[in-house]
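Analysis of the macromolecular model
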Amino acid sequence: MLKVHFAYDLEKDVENFLRGTQSINNKAPTKLQRLYIEKHGTIYDSEIVRKFIETYIKENHIDLSSLVAAMEQDWRPIEENFFSKSEKLFGTQCQVVSITAYLSTNSRCTYNIQDNYFFVFLNAKSPNAYIMHEILHFYTSYAFHDELAGQGLDEKQYNDIKESLTELL
């Protein structure tokens, strides 16, 4: 059965922050982006973002190891049931044996289906909801992306379908 592995990686956090600035679903800056803009403007340089995030973590006394452990502990009791129900709902199995959930300082979370990872906001009130939301994007891709693209749906239309399916949660 599929397993979610939890981790924190600064480079991945930078990636999520930068990709989040290009969101097509929500153009408004997140709280963390607004803090960045106040200090550095709207030029998103990866080295500046890296230092900004490192400072943010240090100044806010964020214990990343504890957050990773807590998120994993909360997820494990529902993991198997969630994957079982998702496979039935979508009529397909997840095409990988593990997916990595990287914690992120940014509340806008992106994902990468090709490389089997997604992001979860480290201060999420309901992290399991974030996790399920992102994993549903994987199932939607496995079950429908190629077929819908073959029927002529463009990426915006596919995005609308993909996001609307998360309402099932």
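Data block above holds the structure.
Conventions and cut-offs
- Residues numbered from 1 in each chain as written.
- Predicted model: local features only at pLDDT ≥ 70, side-chain atom pairs only at ≥ 80, totals over all residues.
- Heavy atoms only, no water.
- Helix = DSSP H or I, 4+ residues; strand = E, 2+ residues; numbered from the N terminus.
- Rg over C-alpha atoms; globule rule 2.2 N^0.38 Å.
- Buried < 20%, exposed > 50% of the residue type's maximum accessible area, 1.4 Å probe, protein only.
- Expected span 1.5 Å × (residues − 1).
- Contact = heavy atoms within 4.5 Å.
- Polar contact = N/O pair within 3.5 Å; in protein donor to acceptor, adjacent residues only side chain to side chain.
- Core = buried A, V, L, I, M, F, W, Y, C linked by side-chain atoms within 4.5 Å.
- Salt bridge = Lys/Arg side-chain N within 4 Å of Asp/Glu carboxyl O.
- Pairing = 2+ DSSP bridges.
- Axes fitted to C-alpha atoms, helices over the stretch in contact; angles between N-to-C directions.

Secondary structure assignment for the chain yields six helices and four strands. Relative to the globule expectation of 15 Å for 169 residues, the C-alpha radius of gyration of the chain, 17 Å, shows essentially globular dimensions. Seen along its three principal axes, the alpha-carbon backbone of the chain occupies a region of about 45 × 40 × 25 Å. A burial count over the chain gives 44% of its 169 residues as buried.

Okay, helix α3 (residues 46-59) next. An α-helical segment advances 3.6 residues per turn. Residues three or four places apart therefore align on the same side. Over its 14 residues, α3 runs 20 Å from end to end, which matches the ideal 20 Å to within 8%, given 1.5 Å per residue. At its buried positions, α3 is contacted by α1 (10-20), α2 (31-40) and α4 (64-90). N-cap assignment for α3: the residue whose side-chain oxygen lies 3.1 Å from the backbone N of E47 is D45. Once α3 finishes, H61 follows within two positions and takes phi at roughly 50°, a positive value.

W75, F118 and I135 are the most contacted members of the largest nonpolar core, which totals 38 residues. Going through the elements one at a time, β1 (3-7), α1, α2, α3, α4, β2 (98-104), β4 (117-121) and α5 (127-150) are the ones with two or more residues in this core. Once residues lying within four places of it in the same chain are set aside, the contact partners of I135 are V4, W75, F82, F83 and F118. Counting residues in hydrophobic clusters, the runner-up holds six residues, among them Y102, Y117, F119 and F121.

A word on the pattern of salt bridges. Under the defined criterion, the tally for this structure stands at nine salt bridges. A salt bridge links R76 to E79, with the shortest nitrogen-to-oxygen separation between them at 2.9 Å. Residue R76 and its partner E79 are both found in helix α4; the two are separated by three residues, about one turn of the helix. Each of K3, E72, R76 and E79 takes part in one network of salt bridges that share partners.

A few words now on the sheet that holds β4. In space, the four strands of this open sheet follow the order β1-β2-β4-β3, with mixed pairing throughout. Two strands bound the open sheet, and with one partner strand each, they are β1 and β3 (111-112). Note: β2 against β4, five bridges, orientation parallel. Looking across to β4, one finds that T100 is bridged to Y117. Those strands touched by α4 are β1, β2 and β4, and its axis lies near 170° from that of β1. Of the strands in this sheet, β1, β2, β3 and β4 are in contact with α5, which crosses β4 at around 155°.

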